[in-house]
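Below, each chain spelled out in residue letters.
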Amino acid sequence: MVEAIVTSAVRTAIGTAFKGSLAHTQPDVLTVPVITAALKESGVAPDLVDDVILAESLHGGGDIARFSAIEAGLTHVPGLAVNRHCAGGLSSVLLAAAGVRGGGERSIIAGGVQSSSTAPVLRLREDPGTAWLFQSHRPTPDAPADDMSVTVGWNAARLSGISREDQDAWALRSHRRALAAIEKGVFADEIVPLPVPAADGTVRIFDTDEHPRATTDAAKLASLRVLHPEIPGFSVTAGNASGINDAAAALMITSSDVVDADGLPALATIRGGASVGADPVRTGLAVVDAIRKALSRTGMAVTDIDLWEINEAFASVPIAACRTLNLDEDRVNPFGSGCSLGHPVAATGARMLTTLVHELGRRGGGTGLAAMCAGGGMASAVIVEVGP
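Draft legend 1. Inspection of the packing of aromatic side chains at higher detail. The final tally for this structure, using the stated rule, is 2 aromatic pairs. Taken together, a centroid distance of 5.3 Å and an interplanar angle of 45 degrees make the contact between Trp154 and Phe234 tilted. Remark: Phe234 occurs in the loop between α6 (218-223) and β10 (245-255) and Trp154 occurs in helix α4 (residues 148-160); sequence separation between them is 80 residues. An identical accessibility class is assigned to Trp154 and Phe234; each is buried. It is Arg173 that lies over the ring of Trp170; its NZ or CZ is 4.6 Å from the centre.

Structure follows, in structure tokens:
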């Protein structure tokens, strides 16, 4: 049977939206370098690339994947832009793996991009002063479509009995893990250095995640005001939620036939995955459903997974998953996640897989699972295996 092999996995460093290093960087400036690097590091011949699949969010219109393919010199590649909100990056990889395993495609570059800083504000013609983005679901009082702190963060916390202290503690650990990883150079092999022009015309190289805060401590997190003090017991703050960020990530997914024939690097095998839908009220808990479905499809159990990446859109989400599935928290997000590294929405899934594949390789192999929920009651999960 043809397998879907990850032959390269790269990403940009993650910028803090609006005020960070990528605040004036358009999405194609993020995607072209990672596509180029993914192609080069994979060893795949350009004419064997059959498609580029990129997740996008907020921009809408056009086709960022096709635009980026042309800019990267892959004019023969069509390009497909997908949108599954936060889970888009994982879904693009699942689509690529399915295409390769089906025997119709040889190599596909899959990933995602998020430039929150430059996302256009769409406005209704009837009311030019009204910002508009199509909603992920029809809003209800307990699941508003434009406030994920309630729909995802708070609902996951209250439905799972997770306290403010639990969330703050998870967020603090996330920052400490991310800062330690950056200091040790853990991400060096996966980050593509990005030339970024400054306002004065000079160019600097952006190659370090800038969102984690060294000044974060327990006292500071505890002092933060909850986002909705009018809701009794509300426990979500800016400190135990993810950031708003900019980044891009890409993985080359290649047929095992091509890998064997051309002697290409095999970083990981995509063993399977799944996407699910749930009541929007349960968006933050849908990640558990996606994990269970992915494990069932592959005939695996929780105990078969050596390392986990569960996005911290809100700290309550991975806490709920760990408690429900009885996961060892030491094996979840070893280098931080959304609360610290940030959450470049459409790129996050591909970023998580990139980090997961590289870390499993450093550990001498193993099986990893990346999962995340997405607005509107969606979630996706992807399982990868790295050989010894």
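From this point, the discussion proceeds with the structure in view.
Draft legend 2. View of the packing of α4 against helix α9 (residues 316-325). At their nearest, the axes of α4 and α9 sit 8 Å apart, and the two run at 30 degrees to each other. As judged from the angle between their axes, α4 and α9 are roughly parallel. Crossing hand, α4 versus α9: left-handed. The segment α4 lies against α9, with Val152, Gly153, Ala156, Ala157 and Ser160 engaging Ser316, Val317, Ala320 and Arg323. Here the contact of α4 with α9 is built from residues that sort into 5 nonpolar, 3 polar and 1 charged.

Draft legend 3. Summary view of helix α2 (residues 64-71). Inspection of α2 places Ile64, Ala65, Ser68 and Ala69 among the buried residues, and these make up the whole buried set. One face of α2 carries all of its buried residues, which in axial projection span an arc of 130 degrees. The residue sitting at the N-terminus of α2 and contributing the capping side-chain oxygen is Asp63; that oxygen lies 3.1 Å from the backbone nitrogen of Ala65. One or two positions beyond α2, positive phi appears at Gly73, with a value near 85 degrees.

Draft legend 4. Fine view of unusual backbone geometry. The phi dihedral of Phe18 falls on the positive side, at around 75 degrees, and the residue is not glycine. Following the sequence through the fold, Phe18 ends up in the loop between β2 (15-16) and α1 (27-42). Taking the relative accessible area as the measure of exposure, Phe18 reaches 55% and is therefore exposed. Positive phi, normally seen in glycine, also occurs at His85, with a value near 50 degrees. Its place among the elements puts His85 in the loop between β4 (80-82) and α3 (88-101).

Draft legend 5. Region of interest: the environment of Ala374. Looking at the element boundaries, Ala374 is found in strand β13 (residues 366-374). Among the residues examined, Ala374 registers a relative accessible area of 1% and is labelled buried. In sequence terms Ala374 and Gly299 are 75 residues apart; their C-alpha atoms lie 25 Å from each other. Among all residues touching Ala374, those that are not within four sequence positions of it are Arg84, His85, Cys86, Ala87, Thr283 and Ala379.

Draft legend 6. Just the layout of surface pockets, in detail. Of the voids in this model, the second largest pocket is the one considered here, and its volume is about 240 Å³. Of all the elements in the fold, those that place two or more residues in the lining of the second largest pocket are α1 and α2. For the lining of the second largest pocket, the class distribution of residues is 5 nonpolar, 6 polar and 3 charged.

Draft legend 7. Main features of the state of the cysteines. All chains considered together, the criterion is met by 0 disulfides. Lacking any disulfide linkage, Cys339 is separated from the closest cysteine sulfur, that of Cys373, by 12 Å.

Draft legend 8. Inspection of the side chain of Arg11 at higher detail. Tracing the backbone shows Arg11 in strand β1 (residues 4-11). For Arg11, a relative accessible area of 1% puts it in the buried group. A polar atom in the side chain of Arg11 sits 2.8 Å from the side chain of Asp209. Excluding its chain neighbours within four sequence positions, the residues that come into contact with Arg11 are Val34, Phe187, Glu190, Ile191, Val192, Asp209, Ala248, Ala249, Arg351 and Thr355.

Draft legend 9. The pattern of salt bridges, seen in detail. Taken as a whole and judged by the stated rule, the model has 13 salt bridges. Taking the shortest distance from any N to any O, the salt bridge between Arg177 and Asp330 comes out at 3.7 Å. Linking Arg177 in helix α5 (residues 164-184) with Asp330 in the loop between α9 and α10 (345-362), this pair joins segments that are 153 residues apart in sequence. Since its relative accessible area comes to 17%, Arg177 is described here as buried. The partner of Arg351 in a salt bridge is Glu309, and the shortest N-O contact between them spans 3.9 Å. In this pair, Arg351 sits in helix α10 while Glu309 sits in strand β12 (residues 307-310), placing the two residues 42 residues apart along the sequence. Grouping residues by exposure puts Arg351 and Glu309 together as buried. Each of Glu3, Arg271 and Glu385 takes part in a single network of salt bridges with overlapping partners.

Draft legend 10. A look at α9. Counting buried positions along α9 yields 8 of 10 residues, so the element is predominantly enclosed. Among the residues of α9, those classed as buried are Ser316, Val317, Pro318, Ile319, Ala320, Ala321, Cys322 and Leu325. On its buried face, α9 sits against α4, α5, α8 (286-298), β12 and β13.

Draft legend 11. Spatial organisation of the nonpolar core. Formed by 46 residues in total, the largest nonpolar core has its most connected members in Val287, Ile291, Trp308, Ile310 and Leu369. Elements with a contribution of two residues or more to this core: α4, α5, β11 (268-277), α8, β12, α9, β13 and β14 (378-386). At 7 residues, α8 tops the list of elements feeding residues into this core. When near neighbours in sequence (up to four residues on either side) are disregarded, Leu369 contacts Ile291, Leu295, Ile305, Leu307, Trp308, Glu309, Leu356, Ala381, Val382 and Ile383. Counting 41 residues, the second-largest nonpolar core is a separate cluster that includes Val44, Leu54, Ile64 and Ile109.

How each quantity is defined
- Residues numbered from 1 in each chain as written.
- Predicted model: local features only at pLDDT ≥ 70, side-chain atom pairs only at ≥ 80, totals over all residues.
- Heavy atoms only, no water.
- Phe/Tyr/Trp six-rings, centres within 6.5 Å; stacked < 30°, edge-to-face > 60°.
- Helix = DSSP H or I, 4+ residues; strand = E, 2+ residues; numbered from the N terminus.
- Buried < 20%, exposed > 50% of the residue type's maximum accessible area, 1.4 Å probe, protein only.
- Lys NZ or Arg CZ within 6 Å of the ring centre and 35° of its normal.
- Axes fitted to C-alpha atoms, helices over the stretch in contact; angles between N-to-C directions.
- Parallel < 35°, antiparallel > 145°, perpendicular 65-115°, else oblique.
- Left-handed = near helix turned anticlockwise from the far one by under 90°.
- Contact = heavy atoms within 4.5 Å.
- Nonpolar A, V, L, I, M, F, W, Y, C, P; charged D, E, K, R; others polar.
- Arc of directions from axis to C-beta.
- Polar contact = N/O pair within 3.5 Å; in protein donor to acceptor, adjacent residues only side chain to side chain.
- 1 Å grid on protein atoms, 1.4 Å probe; cavity = no way out; pocket = protein on both sides within 12 Å on 5 of 7 lines; lining within 4 Å.
- Points joined across faces, edges and corners; volume = space filled by probe spheres on them.
- Disulfide = S-S within 2.5 Å.
- Salt bridge = Lys/Arg side-chain N within 4 Å of Asp/Glu carboxyl O.
- Core = buried A, V, L, I, M, F, W, Y, C linked by side-chain atoms within 4.5 Å.

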